[in-house]
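# Observations on chain architecture
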Number of protein chains: 4
Amino acid sequence: MIRIAIIGGTGYTGVELLRLLAQHPQADVCAISSRAEAGRPVADLFPNLRGHYDLCFCDPLDVDYSGIDLVFFATPHGVAQASMAEVLASGTRVVDLSADFRIRDQQTWEKWYGQDHQCPELISEAVYGLPEVNREQIAHARLIACPGCYPTGIQLGLKPLLETPGLIDLKTIVASCASGATGAGKQAKVDFLLTEISDSFKPYAVGGHRHLPEIEQGLSDICGEPVELTFVPHLLPINRGILSTIYVDLQDKSGPDYQLLFEKAYAREPFVDVLPAGVQPSLRSVKGSNMCRIGVARPQGRSKLVVTVAEDNLTKGASGQAIQNMNIMFGINETEGLASVALMP
Amino acid sequence: MIRIAIIGGTGYTGVELLRLLAQHPQADVCAISSRAEAGRPVADLFPNLRGHYDLCFCDPLDVDYSGIDLVFFATPHGVAQASMAEVLASGTRVVDLSADFRIRDQQTWEKWYGQDHQCPELISEAVYGLPEVNREQIAHARLIACPGCYPTGIQLGLKPLLETPGLIDLKTIVASCASGATGAGKQAKVDFLLTEISDSFKPYAVGGHRHLPEIEQGLSDICGEPVELTFVPHLLPINRGILSTIYVDLQDKSGPDYQLLFEKAYAREPFVDVLPAGVQPSLRSVKGSNMCRIGVARPQGRSKLVVTVAEDNLTKGASGQAIQNMNIMFGINETEGLASVALMP
Amino acid sequence: MIRIAIIGGTGYTGVELLRLLAQHPQADVCAISSRAEAGRPVADLFPNLRGHYDLCFCDPLDVDYSGIDLVFFATPHGVAQASMAEVLASGTRVVDLSADFRIRDQQTWEKWYGQDHQCPELISEAVYGLPEVNREQIAHARLIACPGCYPTGIQLGLKPLLETPGLIDLKTIVASCASGATGAGKQAKVDFLLTEISDSFKPYAVGGHRHLPEIEQGLSDICGEPVELTFVPHLLPINRGILSTIYVDLQDKSGPDYQLLFEKAYAREPFVDVLPAGVQPSLRSVKGSNMCRIGVARPQGRSKLVVTVAEDNLTKGASGQAIQNMNIMFGINETEGLASVALMP
Amino acid sequence: MIRIAIIGGTGYTGVELLRLLAQHPQADVCAISSRAEAGRPVADLFPNLRGHYDLCFCDPLDVDYSGIDLVFFATPHGVAQASMAEVLASGTRVVDLSADFRIRDQQTWEKWYGQDHQCPELISEAVYGLPEVNREQIAHARLIACPGCYPTGIQLGLKPLLETPGLIDLKTIVASCASGATGAGKQAKVDFLLTEISDSFKPYAVGGHRHLPEIEQGLSDICGEPVELTFVPHLLPINRGILSTIYVDLQDKSGPDYQLLFEKAYAREPFVDVLPAGVQPSLRSVKGSNMCRIGVARPQGRSKLVVTVAEDNLTKGASGQAIQNMNIMFGINETEGLASVALMP
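Each chain has its residues counted from 1, following the order in which its sequence is written. Going through the entries in the order they are written, you letter the chains from A and number the ligands from 1. Totals for whole chains, interfaces and linings use all residues, but because this is a predicted model, local features are given only for residues with pLDDT of at least 70 and pairs of side-chain atoms are given and counted only at 80 or more. Excluded from the side-chain calculation are hydrogens and water; included are all heavy atoms of the structure.

Time to look at the nonpolar core. Side chains of a nonpolar character, in soluble globular proteins, are inclined to be buried together. The nonpolar core is taken to be a set of buried Ala, Val, Leu, Ile, Met, Phe, Trp, Tyr and Cys residues, with the residues joined through side-chain atoms within 4.5 Å. Accessible area is worked out with a 1.4 Å probe on protein chains only. A residue is then buried under 20% of its type maximum, exposed over 50%, and partly exposed in between. Grouped together as the largest cluster of nonpolar side chains are 56 residues, with contacts concentrated most on C:Ile6, C:Leu17, C:Leu21, C:Leu49, C:Phe72 and C:Val95. Only DSSP runs of H or I covering at least 4 residues are called helices, and only runs of E covering at least 2 are called strands; the numbering of each starts at the N terminus. Going through the elements one at a time, helix H7 (194-197) of chain A together with strand E1 (2-7), helix H1 (12-21), strand E2 (27-33), helix H2 (42-45), strand E3 (70-73), helix H7 (194-197) and helix H10 (315-329) of chain C are the ones with two or more residues in this core. Contact partners of C:Leu49, with chain neighbours within four places excluded, come to C:Val15, C:Leu18, C:Arg19, C:Val42, C:Ala43 and D:Val341. Listed in part, the 52 residues of the second largest apolar core include D:Ile4, D:Leu21, D:Leu55 and D:Ala322. Contacts between residues were defined by any pair of non-hydrogen atoms, one from each residue, lying within 4.5 Å.

Structure representation (structure tokens):
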């Protein structure tokens, strides 16, 4: 059994970790912290967990890291970095679901997140936890920076195109994305009331979203060259799911068979499903599951390729991917605890 | 392994059976039939099942019942009864999710379903598959009539009150219920388009819903006296879930501690969760799970008791309960394959 | 032109007043106040009003009541009462959309709203602004207490039954109601996030909702006897609309023709529409309109009558009714500015 | 008064025409036809119209065109063209909401709509009814081809950029659009059930949507050069609204002030609202209104310009625009009957 502590468990990635770990045969959740809810039973805040957990939230200062094998940070950015050195020093390994260690360039992080980084010395050690790109490094990592929700889908949608040099124009990529409202977390803000966002749809952060530098870093890592992305997120009036519709300019109109390129690239990936030619993914086909489904199209046979990527932002885009990382780190079956079928309808 | 055939698998109870059985360690789905979709891969119709099933739909006439241990009928009413005698004669056992064998009085069935019953000789053998009422008979049954979605919640909400004679007025019970749209099945009708029912709410079948005689029969079975119910269903603009708000007139204003009555009645039931005093269930706390959650209240200390019951109509209200019946019939752990946590948010 | 000031215009009843008044040929909105948003253009907060209003929010202390004919209070409870005496003294008339003057018994108000009443001397002068009950008093009133959203629908659904003595049991009435989330106003609370209430449904305030004493007072006024109501509100995952499903015990099973009773009672009412026998209202048939639609049914010919009532909680349940009151007070056509058709689909 | 007949009034553009015309002081709806519903009161099919219309649907063959000033065709494609010559011969004018006369090249129309055109001789006479482009021709037209819903938003979003030669690359434009489900009309198909599309999001018709040739024709008309568009529509789980997010490559990185360019271009348009710099439109700000709202952004100051356009597909995208055309044709105020405020929330 892997003995687990979750730091900051009252948000949506927290309850999603608990939902998934309840079905993981080798996971033992020993502690879950929340400053605000310390002492309250977890199942009182999250009634879906009644009967699955007897745990109460504890104060983060009361977590005893000795005997803990793995810590999940499910905290807002800026929190994990404050205690990371200490936590790692206790000998546990860490999967950080926040943005704290995702960006290698400290200045870039500080610019986009608007604060000083409190643990710059560990940035370079952190392994970016996208298994389809970094599986080997993940296996031996002490500190995993789990990718953001938008970055997961966009990188998986572009990886096969970036691995062969010269296929696409690296400066004109567009990712037009739409996310369910859980992407904003559980914040008591008027902007995220049902009455403000239901029965509607809108773009947001068009001027610049914090995931942009993370995505561009990841894409550049894959192809070894600078990549420029135009990234426009939109807010869907639903809970879960991100659909990324990616538009790229093909450099060579003859080019390879792109459908086949994608199918080969992901043939062995347990959580990436390339759909048959002509089929596009819907969000409901991934709801609650760790699967990422991808469609490839070349409208009118012209020089734009369209890649569509569906993921559940809380699962493959956050907590499911965190557990996938855990499975790799501890040498167990990568799909353990993650094999459940998406809820449809 | 229990070798399973599903007859009529293209509807929502069909895909829900497949979703749940994919996670059931002792289930082996050997055949799934559909006249309309024969030959088509199951995962083509239901993309959430990609990677979980290689099966194709087959013609119902091509199902080989030899070697099948259990047949689930997930067909519209009137279908199972046409082949039930033959299927049982092959030696398999059956869980019928349709309404065909739920009502013991043949004339009542024929009146409400508007057709002659084609297999009246098996009606009396059928066991009504509500485990919380009939667990023992289920264990040995050959033919289970799995309860309807509304009947499940309403019977569970009233059972503790009916078991003690004289607690409530049996002639004035009201069940004001609201169901997600999957309750109507997957019918190509204008009435069930998103554009007709989203962003709205309405009562329907106020003059008489087919579940009424089933519910009144079940309630009368529990208390041994005739029960009269006023039952008004409403249509929610969501996919899953039924909330039943039940109003009863207390005969004796002093009466017992109703909260305690419910807690005791269901203390050992794995799929009935009585919430703490003052707490009411929400549909999202049961979405995708087989759990039924119940709240009990006595507003203003007056003589009406209000019982609120949340269930997922496709899970505890249909396919989950069907599998719960299967587990009991085959002597395995009743919660096998049904332990997953509700998807929240 | 009626010169109008709106106090507290940043909430949903505020924007609804502005939406409706923009189409009212005799309304001139001269001032709209908000402490928090003073100085901000109204159309900046509510982009649907761009091109319709040039007004900015002003500080409530800066409103000049001289020259104002009518003040709408669209404030939380407790606010209007604090300045009511002063406002009326300036010579204007007032329609108060809040709960401050709805309940005649001061102690009852203080118990349910948890605070002392700051203007008890004006309670008895206030006219309860339900035109279908109090049209004449409204015409001459200086201060209107505009009914709550649930009270509007429930009173209209029961009025015809209460006007004839002895038709129904006054102690066993049940109102099982469901409201869209705008009923909770524009409060930055986790409980009202889309992620908490979408794709779900739940009862709330089962132990006692603040509208209960208002409703019981109104029902008792109509029939001249004490009425006891069991009132359970539920929260719908949509923006607008309240559906009230009302269950009453008929005293006399022979009784009158209830369909006819309702049709006659409301034959001349411009905003109450009794649907044909066998038809029930849906929320979408009243969305954005001031119409209240009612269905009447007697399931199985038994002794319960079921009345279903649909209203838009922001329109007939709040701002539309406030304008209907204004029209009556100023002697203009009661439907002026309120004749638009519900948005469907 | 303009005497109006509506051919094919049972769909969503039909009920939207009726909703808007009920508030139009110069509109007199004399006839509304439906083969399937002939004889049925309009308000029986559309309960929101109860009290607004006494009309019954009539058989299309029974419409008497003498005395009719204007006919709206709200029929599926292929219907209007079959009777257009005859209808025009009666001396009435026509606004055709269908696609029958939108595309000037007959072969292109026949290829995309999969049938022979039955009235090619009138194609060249038809005026494309986008008032912001063709106002003068509309005024004198006998036959208006009212634009499609997607084409309306995309053309309005690109027009200012196309009118100045050389601003943008005409071959790499992307329109990533999302539409509410009313865009699919009122078709009894499984694909459009609430249970299939609620709580989800997906791209569709990626390989080619029928609006593509119409849009490319319109864009080319504006700039006088061939334009190539990559157009990917998506299906939103809501009723109304289209958001078009348009990505263009700027030819000249210095270029003009694009915000100002848009503001000037639409300064006098009553139904195009350019939002302030930094603000993007949401669908709820246009729901039920004829307004089209546009945001302009240049993320990171790079060479892609992003234009976002919100419209209500049933209003500005169909029936509202049809009435705007009518107003222009009959020389009355262009905003008559179209001034109502969007329903928010």
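Resuming the write-up.
A separate point is the pattern of salt bridges. Think of a salt bridge as a Lys or Arg side-chain nitrogen and an Asp or Glu carboxyl oxygen that are within 4 Å of each other. By the definition in use, this model includes 80 salt bridges over all chains. Close ionic contact of A:Glu16 with A:Arg240 constitutes a salt bridge, the shortest N to O distance being 2.6 Å. You can see A:Glu16 sitting in helix H1 (residues 12-21) and its partner A:Arg240 sitting in the loop between strand E9 (229-235) and strand E10 (242-249), a full 224 residues away along the chain. Both residues of the pair, A:Glu16 and A:Arg240, count as buried. Between D:Arg284 and A:Glu196 there is a salt bridge, with the nearest N and O atoms lying 2.7 Å from each other. One end of the pair, D:Arg284, is in the loop between strand E11 (272-274) and strand E12 (292-297); the other, A:Glu196, is in helix H7, on a second chain. Owing to a relative accessible area of 13%, A:Glu196 belongs among the buried residues under this scheme. A single network of salt bridges, built from pairs that share partners, joins A:Glu16, A:Arg19, A:Arg240 and A:Asp312.

This part takes up the environment of A:Ser319. All names here are of chain A. Its location among the elements puts serine 319 in helix H10 (residues 315-329). Note on serine 319: relative accessible area 0%, which makes it buried. Expressed as a C-alpha distance, the spacing of serine 319 and tyrosine 12, which sit 307 residues apart in the sequence, is 9.1 Å. Setting aside chain neighbours within four positions, we find serine 319 in contact with Thr13, Glu16, Leu17, Leu20, Leu97 and Leu314.

With that out of the way, let us pick up the interface of chain C and chain B. The interface of chain C with chain B comprises 45 residues on the first partner and 45 residues on the second. When two parts are put together, the accessible area they lose, computed with a 1.4 Å probe and summed over both, is reported as buried area. Counting the surface lost from both chain C and chain B, the interface buries some 3700 Å², and carbon and sulfur atoms represent 58% of this. Here a polar contact means two N or O atoms within 3.5 Å. Within protein one must be a hydrogen donor candidate and the other an acceptor candidate, and residues neighboring in sequence count only if both atoms are side-chain atoms. For the pair chain C and chain B, the number of links is 25 residue pairs in polar contact (both at pLDDT 80 or more).

By themselves these figures say nothing about function.
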